[in-house]
Amino acid sequence: MKNDPVTQSTANERRSFFRVNDQVLLRYQPVDESSALANMIPAAFKTDPGYCLMQELQAIDRNHAVFLRAIAEQNRDLEAYLKGQDKKLELIAAKIIEHEGTAPDQKKQRVSISEGGLSIQSDSPLANNGYLALQITLLPTHHTLMVFAKVINCSAVSAGGYNIALSFIHLKDSDRQQLAKHIMQLQLTQRRNKTSDD
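My aim in this report is to walk through the structure given alongside it, one point at a time. Sequence order as written defines residue numbering, which begins from 1 separately in each chain. In keeping with the predicted nature of the model, local features appear solely for residues at pLDDT of at least 70, side-chain atom pairs appear and are counted solely at 80 or more, and the whole-chain, interface and lining totals rest on all residues. Just so you know, side-chain values use all the structure's heavy atoms and leave hydrogens and water out.

Considering the overall build of the protein chain
The criterion, for reference: Strands here are runs of E lasting at least two residues and helices are runs of H or I lasting at least four, both read from the DSSP assignment and numbered beginning at the N terminus. When accessible area is computed with a 1.4 Å probe and restricted to protein chains, residues below 20% of their type maximum are described as buried, those above 50% as exposed, and intermediate ones as partly exposed. Any two residues whose heavy atoms approach within 4.5 Å are treated as being in contact. For accessible areas, the Shrake-Rupley method is used with a probe of radius 1.4 Å. Any residue's cover is judged against the shown protein chains and nothing else.
Of the regular secondary structure elements, the protein chain holds six helices and six strands. The order of α-helices and β-strands along the protein chain, N terminus first, is α-β-α-α-α-α-β-β-β-β-β-α. For the protein chain, the proportion of its 198 residues judged to be buried stands at 37%. Restricting to contacts in the protein chain with at least 6 residues of sequence separation, those with at least 24 account for 69%. Accessible surface for the protein chain amounts to roughly 12,400 Å². Of this, 53% is attributable to carbon and sulfur atoms.

Digging into a nonpolar patch on the surface
We count it as follows: Here a patch means residues that are over 30% exposed by relative accessible area and free of salt bridges, tied together within 9 Å if like-charged and within 5 Å if nonpolar (Val, Leu, Ile, Met, Phe, Trp, Tyr). Take a side-chain nitrogen of Lys or Arg and a carboxyl oxygen of Asp or Glu: if they are within 4 Å of each other, that pair is a salt bridge.
Together, Leu78, Tyr81 and Leu82 make up an exposed nonpolar region whose accessible area comes to about 270 Å². As for its position among the elements, leucine 78 is in helix 5 (residues 76-100).

Regarding the pattern of salt bridges
Taken as a whole and assessed by the stated rule, the structure comprises two salt bridges. For the salt bridge of glutamate 79 with arginine 76, the shortest nitrogen-to-oxygen distance reads 3.4 Å. Taken together, the positions of glutamate 79 and arginine 76, both in helix 5 and three residues apart, correspond to about one turn of that helix. A relative accessible area of 59% means that arginine 76 is categorised as exposed. Among the ionic pairs, glutamate 79 bridges to lysine 83, the shortest N-O distance being 3.2 Å. In this pair, glutamate 79 and lysine 83 both sit in helix 5, four residues apart, roughly one turn of the helix. What you see here is one network of salt bridges that share partners, running through Arg76, Glu79 and Lys83.

Some thoughts on the pairing of strand 1 (residues 20-31)
The line we're drawing: When DSSP finds two or more bridges between a pair of strands, those strands are recorded as paired.
Of the strand pairs in this sheet, strand 1 and strand 2 (residues 107-113) are connected by seven bridges, and their pairing is antiparallel. Bridging from a neighbouring strand, glutamine 23 pairs with arginine 110 of strand 2. For strand 1 and strand 4 (residues 131-138), the ladder comprises eight bridges, and the chain directions are antiparallel. Within strand 4, the residue paired with leucine 26 across the bridge is isoleucine 136.

Remarks on the layout of surface pockets
Test applied: In this analysis the probe radius is 1.4 Å and the grid spacing 1 Å, with only protein atoms considered; a cavity is a set of points the probe fits into but cannot get out of, a pocket is an open set with protein on both sides within 12 Å along at least five of seven lines, and lining residues have an atom within 4 Å of a point. Grid points are joined across faces, edges and corners, and a volume is the space filled by probe spheres set on the points. Under the scheme applied, nonpolar residues are Ala, Val, Leu, Ile, Met, Phe, Trp, Tyr, Cys and Pro; charged residues are Asp, Glu, Lys and Arg; polar residues are all the others, including Gly.
Volume-wise, the largest pocket comes out at about 1,400 Å³. Lining of the largest pocket is provided by 43 residues; of these, Asp61, Asp86, Glu90, His143 and Lys181 occupy positions nearest its centre. At the level of secondary structure, the elements contributing two or more residues to the lining of the largest pocket comprise helix 4 (49-74), helix 5, strand 5 (143-156) and helix 6 (173-197). In terms of residue count, the dominant contributor to the lining of the largest pocket is helix 4 (13 residues). Looking at the lining of the largest pocket residue by residue, the class counts come to 17 nonpolar, 13 polar and 13 charged.

This is the structure in C-alpha cells:
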C-alpha cells in the first residue's frame, strides 16, 4: 500500500523541526474534525484566567512591536531597558497565574515537543486520526498556546498507559514563533547546563 503523499509530506516536515524534551502544563479534549479545522476553541479553555491574562499581554506586545522596532533603530539602550521592563511584567504575570492554580483537568507533564507537534503520555488510548484541542502552558513563562492537533499514532506502553504522537494543524504564526523562541531558549539552557557539568 502506497503512502498518502500528504501524510508523508507532513511526516517529513515534522522530522525537520527541532524536538526537545520539556515539561509543560497540559490540558486537552477530543473535538471533531470540523471544530479543529475551524479553530473552534472549547469554551472551558477560553475562560481560563491564566490564558486570558497572557493573551492580553501578548496582544499588547504585538500592537506595540512596531514602536519598539522604531525605538531600537534610534536608541539601543532604551530598547534594552523597555525589554527588561517587559520581562518584569511577564515574571509578575507568571507568578499571578501560578498563585491562581490550575484547572482540574490540567496537569504538569513531560512531553517531547517541536514546532510540528508533540508526544504525550496518556492513561487512556486516543483514536488514530482523531483531533484534539490542546491548552499548552509553557514553563516557566506561563505563555499559553491554544492549538489543535491530529493523533498520528497511539501505542501502548509496557509499563502502562499510552504514548500519543500529535501533529499540529493550522498553527498560527504567532504561536509558532512563541514555540520556536521557547524551544531555542530551552536548548540554550540545556547546553549551558551540560557545559557546566563537563
